[in-house]
Each structure stands twice: as C-alpha cells, then as structure tokens.
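A closer look at the structure
Single-letter residue listing:
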Amino acid sequence: MYRFKRIAVKIGSNVLTHKDGTLDTERMSQLVNQMAELHKAGVEIVLISSGAVASGRSILKLEKEPDPVSARQIFSSIGQARLINLYYELFSKHGIFCGQVLTTKEALSTRNHYLNQKNCITQLLQHKVVPILNENDTISLTELMFTDNDELSGMVATMMNVEALIILSNIDGIYTGNPSDPDAKVIGEVEAGVNIEKYILSSKSSFGRGGMLTKTNIARKVAAEGIEVIIANGKRDNILTSLLSEGSDTLCTRFLPTGRELSSVKKWIAHSESFSKGTITIDDNARKALLSENATSLLFIGITAVGGEFCKGDIITIKDSQGKDIAIGKAQYDSDKMSQSIGKKGLRPAVRCDYLWIINN
C-alpha cells in the first residue's frame, strides 16, 4: 500500500505554527492522523519535530527578554513540555504511544553516545512506539548546536537506516526561482551531481534556524548514502499519506538516492563534520590517493601539518595543500603523536579508510 517500511519525518517550525507564532494544533492533529494511518499500515516512523521554542515564545510573554541563549533555554523548556504533551494526546487517540528523545550535537559526537541513542530509538520502534526527537535547547551551547533540525534529521535518518527522509516545510519544494514568482516551478527530481544551488534563496525561515540551502545540503548528503529525501509542503492536507502512496504525483522535490551502501561507522562519520576537533593538511599525492576510486587510508608520509589539539578517536578534518576540506575521519592517534610522525614511513595509518569520509564525493 505504501512505498516505504521505515521513514524519518522532519516537521519544521513554520509548519507547526501560525503566522503569529502560536502553535497550530489543528495542523498537528492532521499530521498525527496521517502518521497514525501509516503506523497502523506497518510503516515505522521516526519523527523529528521542531516547534518547541516557537511554542514557548507564544505563551510566555517576558517584560524584558534576556540574551538569545537564555531566551532560547526558557522558551524551549516551556514549549517542549507543551509540544510533547500535545503529541502524546493526539497519538493516544489512535491507541499509539509516542516517546520523547531529546539530544544534543555533543551527545552524538562520540561513537558510544551515538550507538546508545540508536539503541534507544530502535527499542522504541520494536515496541511500536513513535520516537519524537528534538534538540535539547535547554542545555545546548550556541557553538555546539545543530544548524537546525534539518541537520539532526539527516543524522537520524542514516543512523536508523530509513528508506526515506521527508522534510516538511511551508513550501512545496525547491523552485526554479522565487516561490512567489508565478513563473517559478517546483523541481520534481534531483539527481546526484545536478547543480540546483543557483535556484535557492539564502533566507531563513520565520521561526526556525534553517533555510532551503541547509535542507538542500542535507538532502544531497543523505541521498548519497542511499536514502531518498523528499522536501514537501507540510501545510497541504494528507501530504504524508499521498507522498508514500504508490505512483504518487504529489507536488514535491525528491532527491534520488545513489544506492550506495555504507557501514554504520561511515554513516556516523559522514555526519560528523561539525564535530571536528582538529585538522590535518596533506600533500597533492595524498589528496590524489584519497580521491581515487579505491578505498585508501591516510598515511603519515602524505601529511604536511597538524592543527589543533585532539585525542585518539576524535573526529578531524583533512585539508589539501590549498586549505580546502576534502575529508573527515576518526584519528588513530592524538595530535601530539600525529605531529611527531609527520612525513614518516612504515607507520600504521593516521586515519584508516574504514573511518574516512570524502566530502562531496
């Protein structure tokens, strides 16, 4: 009946709120009704929901708003409680339980924490519970926050081996121009390597932190990992059920998967670019080897410089001689040992190929 058996659904703040920022409970109810229908048809759903900060801001009126970080902590604390309670009530009407999973970028930056969160979500799905994820803004520091829940949804989608990631925004997809231009059309499909960035506006959404450029970057990365990504309008009635129906022609933008299969470790590293604790600069020969079609580990003989302080097992960024980021990987040594071994032969790899991800390759 439906095309996929396991999906991740990301609902943006602009879908869940009215123009004045108040929570759109009717829209929430309609979306939950659709997810309940999918759930009862055997589709496993991992929900990534924004809206906590917008919800809190709409109900708590402060005489004098504090600094941005404190304001975000206050509004998210109040708004998240209201948001999850509403979800709980709405799913309960269908006899479905939902569970709250709050996370932070820092909590996903280590392999053990990443696997622990994966296990939690797996257990919820096995017990027919709908996991609802959101960033824990009450404790997230600005410099350690996800760009937005689009970034979080991309990591969660690959973590949970979903077949499709559906990103619901307040427009129908990616247009060939400004969405307000009557001549602009929605791009139906995006294949790997096709340049559509020229069509994308850099502006951000009214109540969220991200924009269409962020969504596109995340969509490309997730599609490159073998997962179909769909950007669609969450304000449209029956959007989820229609998108998943066989032969659907629902207006949206689909990023076609490449069919590339990755190990669990590779998936974690692919989404760990922002966790980097240091840098390694390599020469042109090493760059050529890493970018070849053959899986290649990074040897010390090709390293020309080491930057930052990091420990064994930390994520590091690999740069070419021009300073361009070309890969990220898991360090096999700490920064001191790396610095002492620059240019040496006969040593074990600085970064093994199993723990290496080539950026935009």
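Within the open sheet, the eight strands sit side by side as 3-4-2-1-5-7-8-6. Their pairing is mixed. The outermost strands of the open sheet, each flanked by one partner alone, are strand 3 (98-103) and strand 6 (189-190). Two elements, strand 2 (residues 44-49) and strand 4 (residues 130-135), share two bridges in a ladder whose sense is parallel. Each residue of the ladder has a partner; that of Ile-48, found in strand 4, is Leu-133.

Turning our attention to the side chain of Ser-335. Within the secondary structure, Ser-335 sits in helix 11 (residues 335-340). Given a relative accessible area of 7%, Ser-335 falls into the buried group. Apart from residues no more than four positions distant in its own chain, Ser-335 is found in contact with Val-306, Gly-308, Glu-309 and Phe-310.

Here we come to helix 4 (residues 68-92). Counted at 1.5 Å a residue, the expected span for helix 4 with its 25 residues is 36 Å, and the 35 Å between its end C-alpha atoms agrees. Within the sequence span of helix 4, burial applies to Ala-71, Phe-75, Ser-76, Gly-79, Gln-80, Leu-83, Ile-84, Leu-86, Tyr-87, Leu-90 and Phe-91.

This brings us to the pattern of salt bridges. Throughout the structure, instances matching the rule amount to 12 salt bridges. Residue Arg-236 is joined to Asp-172 by a salt bridge in which the shortest nitrogen-to-oxygen separation is 2.6 Å. You can see Arg-236 sitting in the loop between strand 7 (228-233) and helix 8 (239-244) and its partner Asp-172 sitting in the loop between strand 5 (164-169) and strand 6, a full 64 residues away along the chain. According to the relative accessible area criterion, Arg-236 is partly exposed, its value standing at 39%. Put simply, Lys-319 and Asp-325 hold a salt bridge, and the shortest N to O gap is 2.5 Å. What makes Lys-319 partly exposed here is its relative accessible area of 22%. Asp-325 gets classed as partly exposed once you look at its relative accessible area, which sits at 28%. Look at the salt bridges and you will find they share partners, linking Arg-3, Glu-228 and Arg-254 into a network.

Quick look at the packing of aromatic side chains now. Applying the stated criterion to the full structure yields three aromatic pairs. On the basis of an interplanar angle of 50° and a centroid distance of 6.3 Å, the ring pair of Tyr-114 and Trp-268 is categorised as tilted. One end of the pair, Tyr-114, is in helix 5 (residues 111-126); the other, Trp-268, is in helix 9 (residues 264-270), with 154 residues separating them in the sequence. Comparing Tyr-114 with Trp-268, the two get one shared label, buried.

The next point concerns the pairing of strand 7. By the criterion of burial, strand 7 is predominantly enclosed, with six of the six residues buried. The side-chain alternation of strand 7 yields two buried faces, one formed by Glu-228, Ile-230 and Ala-232 and the other by Val-229, Ile-231 and Asn-233.

Okay, the confidence of the model for the protein chain next. When pLDDT is averaged along the protein chain, the result is 88, and 93% of the positions lie at 70 or above. For the stretch residues 204-210, pLDDT sits under 50, and the model shows 23 contacts to residues farther than four places along the chain or on other chains.

Below, the discussion takes up the pairing of strand 9 (residues 278-282). Residues Gly-278, Ile-280 and Ile-282 point to one face of strand 9 and are all buried, whereas Thr-279 and Thr-281, pointing to the other face, are not buried. Two strands pair when backbone bridges link them, and strand 9 and strand 11 (residues 315-319) are joined in this way by four bridges, in the parallel orientation. Each bridged residue has a counterpart across the sheet, and for Thr-279 the counterpart in strand 11 is Thr-317. Looking at chain direction, strand 9 and strand 10 (residues 303-307) are connected through four bridges and run antiparallel. Across the sheet, the residue bridging to Ile-280 is Val-306, located in strand 10.

Turning our eyes to something else, we now look at the sheet that holds strand 9. The strand order 10-9-11-12-13 describes an open sheet built from five strands, whose pairing is mixed. Each edge of the sheet is formed by a strand with only one pairing partner; in this case those strands are strand 10 and strand 13 (356-358). The average undirected angle you get between the axes of adjacent strands in this sheet is 25°.

Cut-off values and rules
- Residues numbered from 1 in each chain as written.
- Predicted model: local features only at pLDDT ≥ 70, side-chain atom pairs only at ≥ 80, totals over all residues.
- Heavy atoms only, no water.
- Pairing = 2+ DSSP bridges.
- Helix = DSSP H or I, 4+ residues; strand = E, 2+ residues; numbered from the N terminus.
- Buried < 20%, exposed > 50% of the residue type's maximum accessible area, 1.4 Å probe, protein only.
- Contact = heavy atoms within 4.5 Å.
- Expected span 1.5 Å × (residues − 1).
- Salt bridge = Lys/Arg side-chain N within 4 Å of Asp/Glu carboxyl O.
- Phe/Tyr/Trp six-rings, centres within 6.5 Å; stacked < 30°, edge-to-face > 60°.
- pLDDT = per-residue confidence, 0-100.
- Axes fitted to C-alpha atoms, helices over the stretch in contact; angles between N-to-C directions.

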